[in-house]
Amino acid sequence: MRKESSRPESTLTTRSAASTLYLALELSHREWKLAFTSGLAVKAQIRSVPAGDLARLREEIARARKVLALAAKCRVLSCYEAGREGFWVHRALTSIGVVNVVVDSASIEVNRRRRRAKTDRLDAAALADLLVRYDLGGRRVLAAVRVPTPEQEDARPLHRELCTAKDDRTRLINRVRGLLAGQGLRVETVHSDLDLAALRTWAGKPLLLGLARRLASELERLGVLHRRILELEAERRHALTLADTKASEQAALLTRLRAIGPNSARLLAHELFSWRDLRNRRQVGALAGLTPTPFTSGDTEREQGISKAGIRSVRYLAIEIAWGWLRFQPRSALARWYQKRFGKGGSRLRKIGIVALARKLLIALWRFVTFGEIPAGAKLKPA
């Protein structure tokens, strides 16, 4: 996933690598592998500590300074791959005076041999080597993830829980429909108050006891989910009216555009626009994974499609919004561009075009919330 540059401020000046202790962490559930080095020509020292044991980590840092003959208070630069642990490790490292970089896993160089050795020990040593190159000016060696503040991170669970609840509801509905289809039944609308006693199988008989119990259990779960979704939607509407944060203000602004609903507005504001400090349209497209990936080598030239290396939920949402944009903003410049270039083509060409429209639309929405530029020809909802 391509991320914005988030190089530590202290790495922007030229320095000797010997003045820095480099630490790469390979995190796992039970144990952390630590790779210490002081430069490119220095073999990494590998140590292990129990996962989350910060006291042992401090001891290993002090030990590594002595082993590598570094000053007792030399600068420590560390990194680890973004993953399940999230950002608490970053905050813990920063609290003990370590300059840390959270690395996008997809940006790490790997051996291209068909079969290659892979262990936590080897991965940690390779990551330490890349960290040294990154610190000495290799800007393309690693892609650093921009770390949100705890408050910014805490603002995201609402819309994420709502999306998860809706996905779970869809799975339950499909499961109920599948169980009924196995008995020759077709039900258009599945809801928690479905009268199972009134249903008859293909042979005109009532549902068997075991199946009826299973369906009743699934419908009960569906009712619980439905009530939780209503609560979350009410909480989301309330959050949009408050507009007490930058993300809430951006979400409320986005909902003024036709084709943008509260779900879309909140997700875009909290996941993409509010805290990432995007500087240009290329960063917007890259974060959504909607940038092209050309392959040109010698006489070979082809397009491999979009990178898909960004935030998946934003990419899916952007494509969904693009279809809605054609319906609700048909007179906008973006909709006219799409119809002129792709509208008369077949279904495959239109699907390719909608991805291009999604990227252009994301950039237009970013300009709208950042600079107040309304997309050309777009209509706002009535006040």
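This report concerns the structure included in the present document. (Residues numbered from 1 in each chain as written. Predicted model: local features only at pLDDT ≥ 70, side-chain atom pairs only at ≥ 80, totals over all residues. Heavy atoms only, no water.)

**What to know about the overall build of the protein chain**
Per the secondary structure count, the protein chain includes 12 helices and seven strands. Across the 383 residues of the protein chain, 43% fall into the buried class. Accessible area of the protein chain: about 21,700 Å², with a carbon and sulfur share of 51%. (Helix = DSSP H or I, 4+ residues; strand = E, 2+ residues; numbered from the N terminus. Buried < 20%, exposed > 50% of the residue type's maximum accessible area, 1.4 Å probe, protein only. Areas by Shrake-Rupley, 256 points an atom, 1.4 Å probe, with all protein chains shown as cover.)

**Details of the packing of aromatic side chains**
Enumeration according to the criterion identifies four aromatic pairs in this entry. Clustering of aromatic rings is evident, with ring pairs tying together W337, Y338 and F342. Seen from the ring of W337, K360 lies directly overhead, with NZ or CZ sitting 4.9 Å from the centre. (Phe/Tyr/Trp six-rings, centres within 6.5 Å; stacked < 30°, edge-to-face > 60°. Lys NZ or Arg CZ within 6 Å of the ring centre and 35° of its normal.)

**Side note on the pattern of salt bridges**
Evaluation of the coordinates by the stated rule reveals 18 salt bridges. We note a salt bridge from R91 to E153, for which the minimum N-O separation is 2.9 Å. Taken together, the positions of R91 in helix α2 (residues 88–95) and E153 in helix α4 (residues 150–154) put the pair 62 residues apart, joining distant regions of the chain. For E153, a relative accessible area of 24% gives the class partly exposed. Here E218 makes a salt bridge to R214, at a shortest N to O gap of 3.0 Å. (Salt bridge = Lys/Arg side-chain N within 4 Å of Asp/Glu carboxyl O.)

**Re the sheet that holds strand β2 (residues 31–37)**
Strand order in the open sheet formed by five strands is β3-β2-β1-β4-β5, and the pairing between neighbours is mixed. Two strands in the sheet have a free side with no partner beyond their single neighbour: β3 (45–50) and β5 (99–103). The mean inter-strand angle of the sheet, taken between neighbouring strand axes irrespective of direction, is 25 degrees. In this structure, strand β1 (residues 20–26) lies alongside strand β4 (residues 75–81), joined through six bridges in parallel fashion. Looking across to β4, one finds that Y22 is bridged to L77. Sheet contacts for helix α1 (residues 54–67): β1, β2, β3 and β4; angle to β3, the most-contacted strand, approximately 165 degrees. α2 rests against β1, β2, β4 and β5 of the sheet, and its axis sits at about 175 degrees to β4. (Pairing = 2+ DSSP bridges. Axes fitted to C-alpha atoms, helices over the stretch in contact; angles between N-to-C directions. Contact = heavy atoms within 4.5 Å.)

**Here's the deal with helix α11 (residues 333–341)**
Inspection of α11 places L334, A335 and Y338 among the buried residues, and these make up the whole buried set. One side of α11 carries all its buried residues, which in axial view fall inside an arc of 100 degrees. Looking at the buried positions of α11, the neighbouring elements they touch are α10 (312–328) and α12 (347–371). (Arc of directions from axis to C-beta.)

**Brief notes about the pairing of β2**
Of all seven residues in β2, six are buried; the element is thus mostly enclosed. In terms of strand pairing, β1 meets β2 through five bridges, oriented antiparallel. Opposite A24, over in β2, you have A35 as the bridge partner. With six bridges joining them, β2 and β3 adopt antiparallel strand pairing. Among the inter-strand pairings, F36 is bridged to a residue of β3, identified as Q45.

**Things to note about the environment of V110**
Topologically, V110 is positioned in the loop between β5 and α3 (120–135). A C-alpha to C-alpha distance of 9.0 Å links V110 and A126, two positions 16 residues apart in sequence.

**Brief notes about the side chain of S332**
Along the chain, S332 turns up in the loop between α10 and α11. There is a polar contact of 3.3 Å between the side chain of S332 and the backbone nitrogen of A335. For S332, the residues in contact, after removing those within four places along its chain, are W325, A376, G377 and A378. (Polar contact = N/O pair within 3.5 Å; in protein donor to acceptor, adjacent residues only side chain to side chain.)

**Remarks on a positive patch on the surface**
On the surface, R281, R282, R341, K360 and R367 cluster together into a patch of positive charge. Mapped onto the positive patch, the elements with two or more residues apiece are α9 (281–287) and α12. Within the secondary structure, R341 sits in helix α11. (Patch = residues over 30% accessible without salt bridge, like charges linked within 9 Å, V, L, I, M, F, W, Y side chains within 5 Å. Lys, Arg positive; Asp, Glu negative; His and termini not counted. Charge placed at Lys NZ, Arg CZ, Asp CG, Glu CD.)

**A few points about unusual backbone geometry**
Unusually for a residue other than glycine, A69 sits at a positive phi of about 55 degrees. Tracing the chain through its elements places A69 in the loop between α1 and β4.

**Section: the pairing of β4**
Most of β4 sits inside the fold, with six of its seven residues counted as buried. Here β4 runs beside β5; their pairing, made up of five bridges, is parallel. Note that in β5 the partner of E81 across the bridge is V103. The parallel pair β4 and β5 is bridged by α2, and the resulting crossover is right-handed. (Right-handed = clockwise from strand over helix to strand, strands pointing away.)

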